[in-house]
Amino acid sequence: MSTVPPAVERLKGLFSEERRLSQPEAAGWLHDRAQEIGPGGLCVEIGAWCGWTACAMALAGPTVLVVDTFMASDRYVHEGNQLGKLGGKREGTLDCYALQIAAAGLGDRAVAVQARSLEAAQAMAEESADLVFLDGDHSRAAVAADVAAWHAIVKRGGILCGHNIGIGEVQEAVAAVLAALRWPPVELGPDQLWWTRRP
């Protein structure tokens, strides 16, 4: 049974349910992994939404590089899926992210990079991140491309993880790419998290 660290419980008060999109147990799992990494470490998150999981990791000490175009999420909000739940404001998700990070006081450790996932991966040095969390486009092709692009950025012994293993073909895409790379199979965490360590 997963528990939620006290720091994440306190953080939860700054984020409405609509601004989280993952359970506190998932954020707690990421917080605990980030705490193992500690200050001076680097976590990368692909897919920001409003910054909930980025804040959970940044609270533990590492710098969190948050990569998102923010455009797909804006379409999701503006098509009416979340607009009413976010108070009816046509606030873009980059604005929402910035406001939430500021409210949490983590602007110095949760740094937004407005970019496409694969372009950001190409700009990163190999083996430079302690943890990479994939939570962007959940289509089979996009998940496979993200795993293929970001695996090399993870340090030896570092964690590659993601969310929504139960959505669509995420599990098949992750398993196929990791098998081709000869990485260990994924283990499951709370709230559809998946993770593995770089051999």
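Below: a short report on this structure. (Residues numbered from 1 in each chain as written. Predicted model: local features only at pLDDT ≥ 70, side-chain atom pairs only at ≥ 80, totals over all residues. Heavy atoms only, no water.)

## Looking at the packing of aromatic side chains
Inspection of every chain in the model, using the stated rule, returns three aromatic pairs. Looking at Arg-33, its charged tip hangs above the ring of Trp-29, at a distance of 4.9 Å from the centre. (Phe/Tyr/Trp six-rings, centres within 6.5 Å; stacked < 30°, edge-to-face > 60°. Lys NZ or Arg CZ within 6 Å of the ring centre and 35° of its normal.)

## A look at the nonpolar core
Residues Trp-29, Met-57, Val-64, Tyr-97, Leu-131, Phe-133 and Cys-161 are the most contacted members of the largest nonpolar core, which totals 30 residues. Listed by contribution, the elements that provide at least two residues to this core are α1 (6-12), α2 (24-37), α3 (52-58), β2 (63-68), α5 (93-104), β4 (129-134) and β5 (154-162). Examining the composition of this core, we find that six residues originate from one element, α3, more than from any other. In this structure Met-57 touches Leu-30, Ala-34, Cys-43, Glu-45, Pro-62, Val-64, Leu-131 and Phe-133, once residues within four positions along its chain are discounted. (Core = buried A, V, L, I, M, F, W, Y, C linked by side-chain atoms within 4.5 Å. Buried < 20%, exposed > 50% of the residue type's maximum accessible area, 1.4 Å probe, protein only. Helix = DSSP H or I, 4+ residues; strand = E, 2+ residues; numbered from the N terminus. Contact = heavy atoms within 4.5 Å.)

## Brief notes about the sheet that holds β4
Here seven strands make up an open sheet; going across it, the order is β3-β2-β1-β4-β5-β7-β6 and the pairing mixed. The sheet terminates laterally at β3 (110-114) and β6 (187-188), the two strands that pair on one side only. Bridge count between β2 and β3: five bridges; the pairing is parallel. The residue of β3 that forms the bridge with Val-66 is Ala-112. Sitting on the sheet, α5 touches β2 and β3, and the angle it makes with β3 is about 170 degrees. (Pairing = 2+ DSSP bridges. Axes fitted to C-alpha atoms, helices over the stretch in contact; angles between N-to-C directions.)

## Concerning the packing of helix α7 (residues 140-150) against helix α8 (residues 170-181)
Orientation of α7 relative to α8, taken along the N-to-C sense of each, is 35 degrees, at an axis distance of 8 Å. Here the hand of the crossing between α7 and α8 comes out right-handed. Each of Arg-140, Val-143, Ala-144, Val-147 and Ala-148 in α7 lies in contact with α8, whose residues at this interface are Val-170, Glu-172, Ala-173, Val-174, Val-177 and Leu-178. A class-by-class count of the residues in the contact of α7 with α8 yields nine nonpolar, no polar and two charged. (Left-handed = near helix turned anticlockwise from the far one by under 90°. Nonpolar A, V, L, I, M, F, W, Y, C, P; charged D, E, K, R; others polar.)

Interpretation in functional terms is not warranted from these geometric data alone.
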